[in-house]
Amino acid sequence: MTDDDRDAQGPHDAPDGADQPDQPGQPAEPRQPAEPRQPAELSGHEMLFGTPDDDPEPATDTDTDPDRRRGGLALPIIVVTVAVVTVVAACFVVFGDVLGSAGQPTAEPATTSATARPGAAQFGPSATPTPTPTPTPSGEPTPRAATAAPVDADLPAPSVASVPAGTVVTEGDVRSPLGSVAYHYRVVADGSNGYDVQYSGFTSTLPVPVSATLIDIAPSVGDGLTSYGVGSVLLGGPTSAPTSGGTTLGTSQPSYLGTIVTYSSAPSADGVPLEIGPDKVLAVQSVAWSIPPRETNIAPADSGPASLAAGTVTSTTDAGAPRRYLVSPNDTTDAVAARFGISVAALIYLNAGLQVLDDEQRLFEGTTLNLDPASV
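Residues numbered from 1 in each chain as written. Predicted model: local features only at pLDDT ≥ 70, side-chain atom pairs only at ≥ 80, totals over all residues. Heavy atoms only, no water.

Draft legend 1. Quick look at the overall build of the protein chain. A count of helical and extended segments in the protein chain gives six helices and 14 strands. In the protein chain, the share of contacts with a sequence separation of at least 24, taken over all contacts with a separation of at least 6, comes to 62%. Put simply, the protein chain shows about 24600 Å² of open surface, and 56% of that area lies on carbon and sulfur atoms. (Helix = DSSP H or I, 4+ residues; strand = E, 2+ residues; numbered from the N terminus. Contact = heavy atoms within 4.5 Å. Areas by Shrake-Rupley, 256 points an atom, 1.4 Å probe, with all protein chains shown as cover.)

Quick look at the structure:
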C-alpha cells in the first residue's frame, strides 16, 4: 500500500486492534494485550474488586458495555448478600431471646397448690387446685369463736345448776284501776334454765281483746305501748267466766323484768274509745322476784385492772361480786379471765357465742361481758 493509498483511507479506516499514532506522521507501536487470568485462580475479593497488582488495561468496546459489566458483578454481589443474611438470621435465632427479654420485668411464678400437677394442662386433666384464701387486712381481723386455753382441761368444766322444775319465782294479782280487767299470774321454773308464765282467773268487761307482758321499764296507765316486752300473751276478750292461759317466758334470767303490763289488743281504733284503743296501757303492776341461788363452780372476784384486762366493772350483784365488765382496747380472754379468777372456759360459758379476734383471742372493744353465773 502506497502513501497515497493510506492518506486516502483516513485515520478511521485503520485495521482493528491497531492503535492510533500519538502524533501525526509517527507510527504507533502496537501493545501486547495482557493475558487474562482464569476465573478459578481469582479470589472472591479479586472477583468483586479486581486485582490491584495488574496494570489497568485500556477499555475496549466490550468493557465499556454497561450491561456486560453489571452481569459480571451480579453473581458475586448475590453470593455476599446471601452470606450476610444467613449470618444475621443465625445471630437472631441464637441471641434473639436474650435481646428481646432484656429490660422486661420477670413474671412472678404462679403459685401451685399441693394438689396441682405442673404441666398437666398439656397432657391431661389435673387435680383442682386449692383456692388461696383472701388475706384479711391487718387492721380488720376476721371474728371467730372464742376457745378455751389448753390448761383449762385440767379444771372442772364450768357449770351452773338449774332452778328445780316447778319452783315459783314470782306471782301476784293484777286489777285495772276501774276493775274492768283482773287476773292472777305466776312464773314457774321449767328445770332447764327456763321459765313459764301462767295466767289464771282472767276476767274482762271491756269490748276489746286484752294482753299482758313483762317489761323492764314501767309505763303509765293510758300510755301507748312502745315495746311488747318479754312473754307477751293474749289473755282474751270480754268474759262471762274466768279463763286461764300462759306462755314460755323466753329468758333464763327474768329478774330484770320489774313490771307486768296489761294493754289493749284492739285491732283498730275505729269505733273504740281512745282509752282502750290499740296498745293502750290498761294496768301496771310491779313484780317481786324470788329466784333461789343456783349452785355453780364459777365465782368471779375482781383483782383490779391489769395488762390486757384494763376494762371497767359496770355493775355488781347484791353480794358485791362483779356482774358486768366493759372490754377495753386490746383486752384478751385469758387476761380478763385471770383478772376475775376464773378460767377462759368459764368466761366463754358465761357469755355464749363470745367472739374474738386473731390467735391472741383479743376481745371486741366496747363489748359488755357477763360475769354473773345467776344470769346464765
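Draft legend 2. Inspection of the nonpolar core at higher detail. In this structure, Tyr183, Tyr199, Leu235, Leu249 and Ile260 are the most contacted members of the largest nonpolar core, which totals 29 residues. When contributions to this core are tallied by element, the ones reaching two or more residues are strand E2 (168-175), strand E3 (181-189), strand E4 (195-204), strand E5 (210-215), strand E6 (230-236) and strand E9 (281-286). Per-element tally for this core: the top contributor is E3, with five residues. Once you skip the residues sitting within four places of it in the chain, Ile260 turns out to touch Val174, Tyr183, Tyr185, Tyr199, Thr213, Leu214, Ala283, Val284, Gln285 and Val287. One finds Ala337, Phe340, Leu354 and Leu371 within the second-largest nonpolar core, a separate group that totals 21 residues. (Core = buried A, V, L, I, M, F, W, Y, C linked by side-chain atoms within 4.5 Å. Buried < 20%, exposed > 50% of the residue type's maximum accessible area, 1.4 Å probe, protein only.)

Draft legend 3. Fine view of the packing of aromatic side chains. For the structure shown, the criterion picks out four aromatic pairs. Summarising the aromatic geometry, the rings of Tyr183 and Phe202 are spaced 6.4 Å apart at their centres and angled 50° between planes, so their arrangement reads as tilted. Taken together, the residues span a long stretch of sequence, with Tyr183 in strand E3 and Phe202 in strand E4 at a distance of 19 residues. Accessibility classification places Tyr183 together with Phe202 in one group, the buried group. Between Tyr228 and Tyr263 the ring centres are 5.8 Å apart and the planes differ by 55°, which places this aromatic pair in the tilted class. Residue Tyr228 is found in the loop between E5 and E6, and its partner Tyr263 is found in strand E8 (residues 259-264); the two are separated by 35 residues along the sequence. (Phe/Tyr/Trp six-rings, centres within 6.5 Å; stacked < 30°, edge-to-face > 60°.)

Draft legend 4. Representation of the pairing of E3 within the structure. Extensive coverage of E3 is indicated by the burial of seven of its nine residues. Pairing of E2 with E3, which is carried by seven bridges, proceeds in the antiparallel orientation. For Asp173, the partnering residue across the bridge sits in E3 and is His184. The antiparallel hairpin formed by E2 and E3 contains five residues in its connecting segment, where Gly179 sits at a positive phi of about 75°. Relative to E4, E3 runs antiparallel, the two being bridged by eight bridges. Within E4, the residue paired with Arg186 across the bridge is Gln198. Hairpin connection from E3 to E4: five residues lie between these consecutive antiparallel strands, with Gly191 at a positive phi of about 85°. (Pairing = 2+ DSSP bridges.)

Draft legend 5. Main features of the sheet that holds E4. Pairing within the open sheet is antiparallel, and its four strands lie in the order E2-E3-E4-E7. Single-partner strands in this sheet number two, and they are E2 and strand E7 (243-248). Neighbouring strand axes in the sheet, compared pairwise and without regard to direction, differ in orientation by 15° on average. (Axes fitted to C-alpha atoms, helices over the stretch in contact; angles between N-to-C directions.)

Draft legend 6. Geometry of the environment of Val344. You can see Val344 is positioned in helix H6 (residues 344-350). Sequence spacing of Val344 and Thr333 is 11 residues, and the spatial spacing of their C-alpha atoms is 6.3 Å. Sequence-distant contacts of Val344, that is, excluding residues within four places in its chain, are made with Thr147, Ala148, Ala149, Asp152, Thr333, Asp334 and Ala337.

Draft legend 7. Representation of the layout of surface pockets within the structure. Estimates place the volume of the second largest pocket at around 710 Å³. Contributing to the lining of the second largest pocket are 25 residues, with Gln253, Thr317, Arg323, Asp372 and Ala374 lying nearest its centre. Tallied by class, the residues present in the lining of the second largest pocket amount to 15 nonpolar, five polar and five charged. (1 Å grid on protein atoms, 1.4 Å probe; cavity = no way out; pocket = protein on both sides within 12 Å on 5 of 7 lines; lining within 4 Å. Points joined across faces, edges and corners; volume = space filled by probe spheres on them. Nonpolar A, V, L, I, M, F, W, Y, C, P; charged D, E, K, R; others polar.)

Draft legend 8. Region of the structure containing unusual backbone geometry. With phi around 55°, Asp358 is a residue other than glycine that occupies positive phi space. Inspection of the secondary structure puts Asp358 in the loop between strand E12 (355-357) and strand E13 (362-363). If you check the backbone angles, Gln361 has positive phi at about 55° while not being a glycine. Here Gln361 shows up in the loop between E12 and E13. We classify Gln361 as buried; its relative accessible area is 10%.

Draft legend 9. Main features of the pattern of salt bridges. One pass over the structure, following the stated rule, counts four salt bridges. The residue Asp302 makes a salt bridge to Arg339 at a minimum N-O spacing of 2.9 Å. Taken as a pair, Asp302 in the loop between E9 and strand E10 (312-316) and Arg339 in helix H5 (residues 333-339) lie far apart in primary sequence, 37 residues in all. (Salt bridge = Lys/Arg side-chain N within 4 Å of Asp/Glu carboxyl O.)

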